[in-house]
Amino acid sequence: MSQNIILTTGTYDLIKYHVRRKKVTPEEEELLLNELKHATQVLRKNLPEDVVSVNRKVTYKDHMKNEEKTILLVGPEKAKVSKNKISILSDEGIAMVGYKEGDLVEWPAKKGNLKLEILKVVEVA
């Protein structure tokens, strides 16, 4: 993952806090801290429409399972997996946050490596 991600300040702080509380594997921690160090922080209103963030519906292809999924990324307290509302701090959420449509993200998640291609990002009002 060599490109810089774009995050809102709130999402940046949330991920930093998540890492500090040791909620990720050492490998993820190293990757996340590196991504955060190089991330561009923007105000929510300045976040490009095609960037994965909270309150955005994301359609992606899971190359490991060869399936397409559409999820709504939400804050951890609003997650409801049964309704496809996935926490930004879930394996998929933390892997894709800050990336944009067309990006292919490889991530060493707790439940196994992920290879996710972001197909579409739509802001939810």
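Residue positions within a chain follow its written sequence, with the count starting from 1. Only residues with pLDDT of at least 70 are given local features in this predicted model, and only at 80 or more are side-chain atom pairs given and counted; all residues enter the totals for whole chains, interfaces and linings. In computing side-chain values, all of the structure's heavy atoms are included and hydrogens and water are not.

Undergrad: What should I look at first to understand the overall build of the chain in this one?
TA: By definition, any uninterrupted DSSP run of H or I lasting at least four residues is a helix, any uninterrupted run of E lasting at least two residues is a strand, and each is numbered from the N terminus. A tally of regular secondary structure across the chain gives 3 helices and 7 strands. Listing the helices and strands of the chain from first to last along the sequence gives β-α-α-β-β-β-β-α-β-β. Only the C-alpha atoms count toward the radius of gyration. The rule for a globule is 2.2 Å times the residue count to the power 0.38. For the chain, the C-alpha radius of gyration of 13 Å lies close to 14 Å, the compact-globule estimate for 125 residues. If you line up the chain on its principal axes, its C-alpha atoms span 35 × 30 × 30 Å. Relative accessibility under 20% of the residue-type maximum defines a buried residue, over 50% an exposed one, and the middle range a partly exposed one, all with a 1.4 Å probe and only protein chains included. Buried positions account for 43% of the 125 residues belonging to the chain. For this analysis, residues touch if any pair of their heavy atoms sits within 4.5 Å. Counting only contacts in the chain whose residues sit at least 6 apart along the sequence, the fraction spanning at least 24 positions is 53%. When the accessible surface of the chain is summed, it comes to about 7100 Å², and 48% of that surface belongs to carbon and sulfur atoms. Methods summary: accessible areas were calculated by the Shrake-Rupley approach with a probe of 1.4 Å, and residue burial reflects only the protein chains presented.

Undergrad: When you look at the packing of helix H1 (residues 9–20) against helix H2 (residues 26–38) in this model, what are you seeing that I'm missing?
TA: Relative placement of two packed helices is described by the angle separating their axes and the distance separating the axes. As a rule, the C-alpha atoms of each element are fitted with a line to give its axis, helices using only the stretch in contact, and angles between N-to-C directions run from 0 to 180 degrees. The geometry of H1 relative to H2 is characterised by a closest axis approach of 11 Å and an angle of 150° between their N-to-C directions. Here H1 lies roughly antiparallel to H2, going by the angle between them. As for how H1 packs across H2, the hand of that crossing is left-handed. Note on element contacts: H2 touches H1 through Glu29, Leu32, Leu33 and Leu36, opposite Tyr12, Ile15, Lys16 and Val19. Residues are grouped as follows: Ala, Val, Leu, Ile, Met, Phe, Trp, Tyr, Cys and Pro are nonpolar; Asp, Glu, Lys and Arg are charged; all remaining types, including Gly, are polar. Among the residues forming the contact of H1 with H2, the class breakdown is 6 nonpolar, no polar and 2 charged. Oblique is the label for any angle not covered by the other classes, which are roughly parallel (under 35 degrees), roughly antiparallel (over 145) and roughly perpendicular (65 to 115). Crossing chirality is assigned from the near helix's rotation relative to the far helix, an anticlockwise turn below a right angle marking it left-handed and a clockwise turn marking it right-handed.

Undergrad: It is not clear to me how the sheet that holds strand S4 (residues 67–74) should be interpreted in this structure. Could you clarify?
TA: For sheets, the rule is that strands pair by backbone hydrogen bonds, running either parallel or antiparallel. Any two strands are treated as partners once DSSP identifies two or more bridges connecting them. Strand order across the open sheet formed by 5 strands is S5-S4-S3-S7-S6, with mixed pairing between neighbours. What marks the edges here is a single partner per strand, and that holds for strand S5 (85–87) and strand S6 (104–109). Neighbour-to-neighbour, the strand axes of this sheet turn through a mean angle of 45°, independent of strand direction. Pairing analysis gives 3 bridges linking S4 to S5, with the strands arranged parallel.

Undergrad: What exactly am I supposed to notice about the pattern of salt bridges here?
TA: Pairs may arise between side chains of opposite charge once their charged atoms sit close together. A carboxyl oxygen of Asp or Glu within 4 Å of a side-chain nitrogen of Lys or Arg is what we treat as a salt bridge. Within the structure shown, the criterion is met by 7 salt bridges. A salt bridge links Glu29 to Lys22; the nearest nitrogen and oxygen atoms lie 3.0 Å apart. You can call Lys22 exposed: its relative accessible area is 56%. The salt bridge partner of Lys100 is Asp103, with a shortest N-O separation of 3.8 Å. The class of Asp103 is buried, set by a relative accessible area of 10%. Several salt bridges converge on common partners, so that one network encompasses Glu28, Asp91 and Lys110.

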